[in-house]
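One letter stands for each residue in the lines below.
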Amino acid sequence: LNIRSQKGEIVSGLQQMQGIVLQQLNVKQLTFNQKTFEAGMPLPSDGEGMLSLDTQMTPELEAEGFARELTRKVQELRKQAKTNSNDLIEVHCICSPHLQRIIKSQLHEMQEKVRAREWVFVGELKGKPLAQIEENIRDEKVVLGIYLIN
């Protein structure tokens, strides 16, 4: 999110609320710019400032979004299996090589969030998992199974 303003108090106010703005808008970064507007750039009718939002989907943002979806799925499995928050689990995942690369790029954060000691890519689930799910996430088939670790 890029914020430009000819009035310093607008930028100053937004800087003070930066944490709230980041969280509520679900954006990664705020950029503040108090310089005057570039030539040819239309000014808002009140002449005080402008907000712009970069909506370009990068591979990193796509990976983070996919990781959030998978994290929610594993949390649902934990709830379904009635594990408590202190229980460590092992997640077994069946998915395409493409998704494996995406997951591996986010693996550490995902394991921390779901309290998984291991996240294993397999061809089929072994034994009887505590809970499992088969879903299409972003047009990709994913099978997840969770196992309790003693």
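In what follows, the accompanying structure is described. Since the structure is predicted, the reported quantities are computational estimates derived from the model, not experimental observations.

Thoughts on the overall build of the protein
Okay, step 1: Broken down by element type, the protein carries four helices and seven strands.
Okay, step 2: When its helices and strands are written in sequence order, the protein yields β-α-α-β-β-α-β-α-β-β-β.
Okay, step 3: In the protein, buried positions account for 34% of the 150 residues.
Okay, step 4: Sequence separation of 24 or more characterises 70% of the internal contacts of the protein that already satisfy a separation of 6 or more.
Okay, step 5: Accessible surface, the protein: about 9900 Å² in total, of which carbon and sulfur atoms supply 48%.

Topic: the layout of surface pockets
Okay, step 1: Size it by volume and the second largest pocket reaches roughly 160 Å³.
Okay, step 2: What lines the second largest pocket is Glu64, Ala67, Arg68, Thr71, Gln106, Glu109, Met110 and Lys113.
Okay, step 3: For the lining of the second largest pocket, the per-class residue count stands at two nonpolar, two polar and four charged.

Some words on the side chain of Thr83
Okay, step 1: Considering the arrangement of structural elements, one finds Thr83 in the loop between helix H3 (59-80) and strand S4 (88-94).
Okay, step 2: With sequence-adjacent residues up to four places away left out, Thr83 is seen in contact with Arg78 and Leu130.

Some thoughts on the sheet that holds strand S6 (residues 131-137)
Strand pairs in the sheet, formed through backbone hydrogen bonds, run parallel or antiparallel to each other.
Okay, step 1: Strands sit in the order S5-S4-S7-S6 across an open sheet of four strands; the sheet is mixed. Among the strands making up the open sheet, the edge pair consists of strand S5 (116-121) and S6. Here the strands of the sheet are splayed against their neighbours by 20 degrees on average, with no regard to which way each runs.
Okay, step 2: Two strands pair when backbone bridges link them, and S4 and S5 are joined in this way by five bridges, in the parallel orientation. Following the sheet pairing, Glu90 is matched in S5 by Glu118.
Okay, step 3: Strand contacts of H3: S4, S5, S6 and strand S7 (140-149), with the helix running at about 150 degrees to S6, the strand carrying the most contacts.
Okay, step 4: In the packing of helix H4 (residues 97-114) onto the sheet, the strands contacted are S4, S5 and S7, and the crossing angle to S5 comes to about 165 degrees.

Topic: the nonpolar core
Okay, step 1: Leu70, Ile103, Trp119 and Leu144 are the most contacted members of the largest nonpolar core, which totals 24 residues.
Okay, step 2: The residues touching Leu70, leaving out its near neighbours within four places in the chain, are Ile103, Met110, Trp119, Ile137, Val142 and Leu144.

About the thresholds
Residues numbered from 1 in each chain as written. Predicted model: local features only at pLDDT ≥ 70, side-chain atom pairs only at ≥ 80, totals over all residues. Heavy atoms only, no water. Helix = DSSP H or I, 4+ residues; strand = E, 2+ residues; numbered from the N terminus. Buried < 20%, exposed > 50% of the residue type's maximum accessible area, 1.4 Å probe, protein only. Contact = heavy atoms within 4.5 Å. Areas by Shrake-Rupley, 256 points an atom, 1.4 Å probe, with all protein chains shown as cover. 1 Å grid on protein atoms, 1.4 Å probe; cavity = no way out; pocket = protein on both sides within 12 Å on 5 of 7 lines; lining within 4 Å. Points joined across faces, edges and corners; volume = space filled by probe spheres on them. Nonpolar A, V, L, I, M, F, W, Y, C, P; charged D, E, K, R; others polar. Pairing = 2+ DSSP bridges. Axes fitted to C-alpha atoms, helices over the stretch in contact; angles between N-to-C directions. Core = buried A, V, L, I, M, F, W, Y, C linked by side-chain atoms within 4.5 Å.

Spatial relationships are all this shows, so hold off on functional conclusions.
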